[in-house]
Amino acid sequence: MRKKIIEGKNIDEIKLKALDIFKVPEEKLNIEIKSEKKGFLGIGSSITALVSLNVNPSEEGLKFLKQIFSIMDIDAKIEMMKNKNEVKYNIYSDNNPLLIGREGKTLDAIQFITRQVVSRNSDERIMCLVDIGGYKQKRKMQLEILATKVAKEVANSKIEVKLDPMNSYERRIVHTKLSDWRDVYTESVGNEPHRCLVIRPRRK
Amino acid sequence: MMIETLIKTLVEPLVDHQEDIFVKQFTEDADGYIIYEVLVNREDIGRVIGKHGSIAQAIRTICYAAAMKNKKRIRINIDHF
């Protein structure tokens, strides 16, 4: 949530200042008086107040996504799922490949910006996930199949295998999948954006 | 027109000084790229570029996708006043 400490002569002045700074309707503002200084005969009195924005972070994210798609002229249906500190947007549109991009690049960008928007409107850390047409789910399944296949090879041949560069989310899927294997262990090497995962045989 | 509004919508929720966002479209250069110049307030430039240009890169990626829909090639420059 965005906050600002504002000083003024009286509550109305603070309200006016806050409206000027945040540029939102008055009912969205939350004003909390911190300290009051009484002046002499009403001269020199001042109030310090903490003004915060009373908006719902996940609703802001949803509004933001809807705006983008309407400008891009894409017909999209957005489903929002909310947990305590987690919000997930499932998007179904008439142009999924365009929104996903090559190797999910555009999808990552959309998620990244939405995260910024959501966390900017919130004090706490909120996990924000964006999925388009079940792409991430499908990708997860593919990666798990790949991980198992390669791990079996490594276990048999005792030769380590390096996978293609992947982002942190995808590497995590492979790490988790192979974490309980006895014969192999996983490690990430290299620097972003060329960081990749290596599957190595465990020495006996 | 569409890209200009898109950039504005993407940048707006990230900055404090929403009135200071300017997006200007230039005509195609020799390589066939349309250049967009985005200007924001000096205080907001960090929020629009991000760590190692991560937010700027995300803005570009989304705009490239939108431009591809219209079969155009674009470039985006971000700067402050």
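Heads up: the structure comes first, above all this text.
Calculation notes
- Residues numbered from 1 in each chain as written.
- Chains lettered and ligands numbered in written order.
- Predicted model: local features only at pLDDT ≥ 70, side-chain atom pairs only at ≥ 80, totals over all residues.
- Heavy atoms only, no water.
- Pairing = 2+ DSSP bridges.
- Helix = DSSP H or I, 4+ residues; strand = E, 2+ residues; numbered from the N terminus.
- Phe/Tyr/Trp six-rings, centres within 6.5 Å; stacked < 30°, edge-to-face > 60°.
- Lys NZ or Arg CZ within 6 Å of the ring centre and 35° of its normal.
- Polar contact = N/O pair within 3.5 Å; in protein donor to acceptor, adjacent residues only side chain to side chain.
- Contact = heavy atoms within 4.5 Å.

Quick word on the pairing of strand β8 (residues 184-189) of chain A
Residue and element names in this part refer to chain A.
Stage number 1. Here β8 runs beside strand β9 (residues 196-201); their pairing, made up of 6 bridges, is antiparallel. Note that in β9 the partner of Glu187 across the bridge is Val198.
Stage number 2. Taken together, β8 and the strand that follows it, β9, pair antiparallel across an intervening segment of 6 residues, in which Gly190 is found at a positive phi of about 90 degrees.

A few points about the packing of aromatic side chains
Stage number 1. Summed over the entire model, instances satisfying the criterion amount to 0 aromatic pairs over all chains.
Stage number 2. Geometry around A:Tyr169 places A:Lys136 over its ring, the cationic atom sitting 5.2 Å from the centre.

Here's the deal with the side chain of A:Arg200
All names here are of chain A.
Stage number 1. Within the fold, Arg200 resides in strand β9.
Stage number 2. A polar contact of 2.7 Å, which involves the side chain of Arg200, links it to the side chain of Glu160.
Stage number 3. Of the polar contacts made by the side chain of Arg200, one reaches the side chain of Glu187; its length is 2.2 Å.
Stage number 4. If we skip the residues at most four places from it in the chain, Arg200 touches Val154, Glu160, Asp183, Val184, Tyr185, Glu187 and Val189.

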